[in-house]
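Residue-level structural notes
Residues per chain are reported as follows:
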Amino acid sequence: MKKIILLGYMGCGKSTIAQKLSGIVSIPYVDLDEYIEKNEKMSIKQIFENHGEIHFRKLEHTYFLELLNNPDKNIIGLGGGTPCYANNHEFLIGEGVTSIYLKASIDTLFNRLVSNKSKRPLIADKSEEEMKEFIAKHLFDRSFYYNHAQYKVSVDDKSIEETVNDILNLLA
Ligand SMILES: Nc1ncnc2c1ncn2[C@@H]1O[C@H](COP(=O)(O)OP(=O)(O)OP(=O)(O)O)[C@@H](O)[C@H]1O
Ligand SMILES: O=C(O)C1=C[C@@H](O)[C@@H](O)[C@H](O)C1
Ligand SMILES: [Mg+2]
């Protein structure tokens with residue numbers, strides 16, 4: 001198997017879990033958001049501000065396919081919205097791909113994101129009250145796409161190590 005893909009809503013822990021997993025299984029980790037930033041020489045925030053979300057979604061699709069099509073064995077951490085645009089969800093299933101949805105409740109996401117939203121353009125300007133409602137609606141809309149993953153791992157009330165162990169069991 002060449003690609004292990006982690007997906008899920010902003011703050012579910014894709015970057016954190018992928019980094020830890022990468023160290024344990026000795027498979028290199030690529031974070032799609034960071035890959036876009038490196039290639040475009042701009043932060044995600046700047047891409048949204050300077051060129052708008054539609055442009056970002058096009059870049060996201062192009063770079064996602066670029067990562068998928070390279071022959072290296074990788075763990076790929078997607079952006080929170082990646083599966084929900086440009087038919088990217090169709091690439092979660094296929095030969096050489098294992099996709100895992102890190103499923104978090106609205107409360108878990110809210111608690112993780114509330115103090116850590118400035119780099120996330122979709123929620124950066126929301127008040128605490130607005131954020132909870134926004135996450136609830138957004139997660140509902142996006143679940144359809146996230147559920148195309150081959151596997152689901154619940155992350156609520158689990159340590160990073162516990163979630164990584166759940167994933168290792170799936171991969172065994
Ligand atoms: N299992 C966990 N237990 C406690 N905190 C966690 C856990 N996993 C991640 N976190 C914390 O939650 C926050 C969000 O995690 P992370 O940045 O990995 O999410 P993400 O899914 O990559 O988000 P984004 O889509 O915005 O890049 C971080 O502050 C991280 O330390
Ligand atoms: O949920 C989203 O749509 C996003 C999540 C982040 O990972 C970034 O890809 C960007 O901020 C958009
Ligand atoms: Mg991340």
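Notes on the structure in this doc start here. Worth saying up front: this structure is predicted, and the values here are computed from it rather than measured.

It is worth spelling out the site of ligand 1 at this point. Residues in close proximity to ligand 1 total 16 residues, the closest being G11, K14, S15, T16 and R120. Note that an oxygen atom of ligand 1 is positioned 2.8 Å from one of the side-chain N or O atoms of K14. In the environment of ligand 1, an oxygen atom lies 2.4 Å from a nitrogen or oxygen atom belonging to the side chain of T16. Considered class by class, the residues forming the shell around ligand 1 number four nonpolar, seven polar and five charged.

Another aspect to go through is a negative patch on the surface. A surface patch of negative charge is lined by D125, E128, E129 and E130. Checked against the element boundaries, E128 lands in helix α6 (residues 128-146).

Glancing now at the site of ligand 2. Around ligand 2, the structure places M10, D33, I44, F56, R57, G79, G80, G81, P121, L122 and R142. The backbone of G80 places a nitrogen or oxygen atom 3.0 Å from an oxygen atom of ligand 2. Here G81 contributes a backbone N or O atom positioned 3.3 Å from an oxygen atom of ligand 2. Burial of ligand 2 by the protein amounts to 95% of the accessible area it has alone, namely 310 Å². Here the residues of the shell around ligand 2 sort into five nonpolar, three polar and three charged.

What counts, and where the lines are drawn
- Residues numbered from 1 in each chain as written.
- Chains lettered and ligands numbered in written order.
- Predicted model: local features only at pLDDT ≥ 70, side-chain atom pairs only at ≥ 80, totals over all residues.
- Heavy atoms only, no water.
- Near = heavy atom within 4 Å.
- Polar contact = N/O pair within 3.5 Å; in protein donor to acceptor, adjacent residues only side chain to side chain.
- Nonpolar A, V, L, I, M, F, W, Y, C, P; charged D, E, K, R; others polar.
- Patch = residues over 30% accessible without salt bridge, like charges linked within 9 Å, V, L, I, M, F, W, Y side chains within 5 Å.
- Areas by Shrake-Rupley, 256 points an atom, 1.4 Å probe, with all protein chains shown as cover.
- Salt bridge = Lys/Arg side-chain N within 4 Å of Asp/Glu carboxyl O.
- Lys, Arg positive; Asp, Glu negative; His and termini not counted.
- Charge placed at Lys NZ, Arg CZ, Asp CG, Glu CD.
- Helix = DSSP H or I, 4+ residues; strand = E, 2+ residues; numbered from the N terminus.

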